[in-house]
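What the coordinates show
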Amino acid sequence: MPGDPLGDNVLIRRIAQGDEQALSQLYDRYAATVMGIALKIVRQREIAEEITQEAFWRVWQRASTFDNSRGNCAPWLFGIARNLSIDELRRRAARPQAAYDDPERPLLESIADDADIEEVVWLGEQRSVVRSAMQALSAEQREALELAYFSGLTQREIADKLGNPLGTIKTRVRLGLLKLRDLLGTHQWNE
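Residues numbered from 1 in each chain as written. Predicted model: local features only at pLDDT ≥ 70, side-chain atom pairs only at ≥ 80, totals over all residues. Heavy atoms only, no water.

Taking an unreviewed UniProt entry as the reference, the chain is identified by name as RNA polymerase sigma 70 belonging to Herpetosiphon geysericola. Its UniProt record gives the chain a comment under Sequence similarities (unreviewed entry), which states: "Belongs to the sigma-70 factor family. ECF subfamily." (UniProt positions renumbered as here; feature names shortened; annotations may be inferred.)

Attention shifts here to the nonpolar core. Ranked by size, the top nonpolar core spans 27 residues in total, and within it Ile12, Ile15, Leu26, Phe56 and Val59 carry the most contacts. The biggest single contributor to this core is helix α2 (residues 20-42), with 10 residues. Of all hydrophobic cores here, the second largest spans 14 residues; its members include Leu137, Leu145, Ile169 and Leu180. (Core = buried A, V, L, I, M, F, W, Y, C linked by side-chain atoms within 4.5 Å. Buried < 20%, exposed > 50% of the residue type's maximum accessible area, 1.4 Å probe, protein only. Helix = DSSP H or I, 4+ residues; strand = E, 2+ residues; numbered from the N terminus.)

On the surface, Tyr149, Phe150 and Leu177 cluster together into a nonpolar patch covering about 310 Å² of accessible area. Residue placement: Tyr149 occurs in helix α6 (residues 139-149). Under the relative-accessibility criterion, Tyr149 is labelled partly exposed at 44%. (Patch = residues over 30% accessible without salt bridge, like charges linked within 9 Å, V, L, I, M, F, W, Y side chains within 5 Å. Areas by Shrake-Rupley, 256 points an atom, 1.4 Å probe, with all protein chains shown as cover. Salt bridge = Lys/Arg side-chain N within 4 Å of Asp/Glu carboxyl O.)

What follows concerns the packing of helix α3 (residues 45-62) against helix α4 (residues 73-94). A pair of packed helices is captured by two measures, namely the crossing angle of their axes and the spacing between those axes. Close contact between α3 and α4 brings their axes to 9 Å; oriented N to C, the two are set at 130°. The angle between α3 and α4 falls in the class oblique. Helix-helix and strand crossings are classified by hand; for α3 and α4 the assignment is right-handed. Within the contact between the two elements, α3 uses Ile47, Ile51, Glu54, Ala55, Phe56, Arg58, Val59 and Arg62 and α4 uses Trp76, Leu77, Ile80, Ala81, Leu84, Ser85, Glu88 and Arg92. When grouped by side-chain class, the residues that make up the contact of α3 with α4 number 10 nonpolar, 1 polar and 5 charged. (Axes fitted to C-alpha atoms, helices over the stretch in contact; angles between N-to-C directions. Parallel < 35°, antiparallel > 145°, perpendicular 65-115°, else oblique. Left-handed = near helix turned anticlockwise from the far one by under 90°. Contact = heavy atoms within 4.5 Å. Nonpolar A, V, L, I, M, F, W, Y, C, P; charged D, E, K, R; others polar.)

To continue, consider the packing of α6 against helix α7 (residues 155-162). Across the interface, α6 lies against α7 with an axial gap of 10 Å and an inter-helix angle of 125°. Here α6 lies oblique to α7, going by the angle between them. In terms of crossing hand, the pair formed by α6 and α7 is right-handed. Contacts between α6 and α7 pair Glu143, Ala144, Leu147 and Ala148 from the former with Ile158, Lys161 and Leu162 from the latter. Its residues assigned to classes, the contact of α6 with α7 shows 5 nonpolar, no polar and 2 charged.

This model, assessed by the stated rule, comprises 6 salt bridges. The partner of Glu54 in a salt bridge is Arg58, and the shortest N-O contact between them spans 2.9 Å. Of the two residues, Glu54 and Arg58 both sit in helix α3, 4 residues apart, roughly one turn of that helix. The class for Glu54 is partly exposed, based on a relative accessible area of 29%. We note a salt bridge from Arg90 to Asp87, for which the minimum N-O separation is 3.8 Å.

Put into structure tokens, the structure is as follows:
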């Protein structure tokens, strides 16, 4: 049963004993939420995926240190993800900054030596078209879609977060996707 504190704490004890199946079950329960936490903080999907993997690796390594008298393991896991995400932001801040920071003009240093420059430019154009289409949505539709696709929240979680009925969120997501389809449908994606 997802989110069952007793079940989660049993899984943590089993993980501490080296039970890979228990880690898999915990991952199935919380990977999307951990990914959403990381994505919300670092705002890069690939980095958020790495943070999610690292968070569960740390659970595997440190399960024996978890004290269930202090509560459920979910906040502990979410804290690990949050701390890893903040550490990543700090690492970025310590790195030298680019000469200019324009998302429409990536620096040549950020492009791999064997990269297809035409492909890189084409992907940048696609991003620009999608960004413009997202701006054409109503603020409510855009917010619901961003929470669903960029923060990894379920429609139920979005409804709870925004304080709206689930049906309203489902409608906003559906109408937003239909509008995006119409806006992006005329664009030639395979040139």
